[in-house]
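These are the residues of each chain, in order.
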Amino acid sequence: MSVAGQAVLDLARAYLGAHSKVKVAPYAAPDLVSNVVATCGVGLEHLAGEQLVAAGDVAEGRLPYVVLLSDRRVAGRAQERLFDVPLAEIAHVEVRRAVLSGGALWLHGAGRVHDASMPGLSEPLGALIATLCQTPPHARVPVPVPPCAPGPEDPTGAAGALRALDRPAPRVETLLRLVEARARAGRLAPEAGADLCWRLMLFYRAAYGGRGMTDGRWLSPLTAADLAQAFVWILGAPLRDAWEAGGRALDFSLARSGQSGANAAAAVSSAVGLLALAFVGVGWVSVPGRGVPAMVRVLLRDIPGASRFLLLAPTGRPLHLEAPGMVQGIHDALAKAELMLLVRRCVWGWEPPPAELVARPAAEVMAALREALPGVDLAPLAAHLQ
């Protein structure tokens, strides 16, 4: 972590470490981070190496209260109120104590005032940010760190990426070694290998930091074509698949066979792999007072080394505003599909179309992996091939 990031992490440990519902890195479990990211609708900028510092779910009951702290921002959601504030823009912090509401927290900066009040967190979070504000704004901006950096001695960037793995990641490590071996054997062009390593490191960053974002859109390490195939794998055939000005649009029906009510909710939960079927309307699948959306629109497009996408409810609003649990379920299922497709791209490269890759059986993938990496333990990947 950068010097600026380490300063935020040290403050988080001092001010938030004792809070039972806030977890400071590296102790923020992936499930917690996934929930917080999906609920507040803010992901880390993995393309620039933004690092998770802390995540918390401080809800009491049915209404969402989550907070996300990184080396670059503080974001969160308190019922319908959302905030996302760069740390470098905060000039002044105002905290007011209140026994019943848990206190109020306002962040002043860049000509705006952001209400970041959170039950039980306003005072410690305010104290953390007030202490950080003693540091000049420019010193609060970490240097961007790209996912990988190919060079003359490391044409794919795989060697540097392997050194950058600061947490256990046996699946990503195996795939980076696969890319390196295929490029060294002349079976993969260095440029194609570098592209794969970049995407693998984006996947690695998301595994610990949650679903990423860029320019206000969710981030995926897949190409847009592969991402569309991943959504089909998760949600079934789309009702509509068309090109629009902003990219490719896919409409998925989540209420199967005209189902409605509880049956439709069960179909939605099944489609996105949610476990809490009994908590539809009570837990996190949808915001209380709203039904479970019966349709989801996905807008996606390619960007260099990745793709970005939006999830929209039938109202046209971002899906996390109406069904944050559904967003989390889609994100988690998508991560499994991304790994499945990335493995196949590392084995067969960019020529096969997405549908052909998905159709290739796990046994064929394993045989290709054993041939390319003799003697390497492939068990970490075996369960994620189909």
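Right above here is the structure, for reference.
The text that follows walks through the structure, step by step, so that each part is easy to find.

About the thresholds
- Residues numbered from 1 in each chain as written.
- Predicted model: local features only at pLDDT ≥ 70, side-chain atom pairs only at ≥ 80, totals over all residues.
- Heavy atoms only, no water.
- Core = buried A, V, L, I, M, F, W, Y, C linked by side-chain atoms within 4.5 Å.
- Buried < 20%, exposed > 50% of the residue type's maximum accessible area, 1.4 Å probe, protein only.
- Helix = DSSP H or I, 4+ residues; strand = E, 2+ residues; numbered from the N terminus.
- Contact = heavy atoms within 4.5 Å.
- Expected span 1.5 Å × (residues − 1).
- Pairing = 2+ DSSP bridges.

### Overview of the nonpolar core
Working step 1: In this structure, Leu 176, Phe 231, Leu 300, Phe 309, Leu 311, Leu 319 and Leu 369 are the most contacted members of the largest nonpolar core, which totals 78 residues.
Working step 2: Per-element accounting of this core gives the leading share, 13 residues, to helix α10 (residues 324-348).
Working step 3: Beyond its immediate stretch of four places on either side in the chain, Leu 311 contacts Trp 218, Phe 231, Val 296, Arg 297, Val 298, Arg 317, Pro 318, Leu 319, Val 327, Ile 330 and His 331.
Working step 4: With 31 residues, the next largest nonpolar core counts Leu 16, Ala 25, Leu 69 and Leu 87 among its residues.

### A short note on helix α7 (residues 224-235)
Working step 1: Over its twelve residues, α7 runs 16 Å from end to end, which matches the ideal 16 Å to within 8%, given 1.5 Å per residue.
Working step 2: Extensive coverage of α7 is indicated by the burial of nine of its twelve residues.
Working step 3: Every buried residue of α7 is accounted for by Ala 224, Asp 226, Leu 227, Ala 228, Gln 229, Ala 230, Phe 231, Ile 234 and Leu 235.
Working step 4: Phi turns positive one or two residues past the end of α7, at Gly 236, with a value near 90 degrees.

### Brief notes about the pairing of strand β12 (residues 247-253)
Working step 1: Along β12, six of the seven residues are buried, which leaves the element largely enclosed by surrounding structure.
Working step 2: In this structure, strand β11 (residues 240-244) lies alongside β12, joined through five bridges in antiparallel fashion. For Trp 243, the partnering residue across the bridge sits in β12 and is Arg 248.
Working step 3: Connecting β11 to the next strand, β12, in antiparallel fashion are two residues.
Working step 4: Across six bridges, the pairing between β12 and strand β13 (residues 295-303) is antiparallel. Paired with Ala 249 across the two strands is Leu 299, which belongs to β13.

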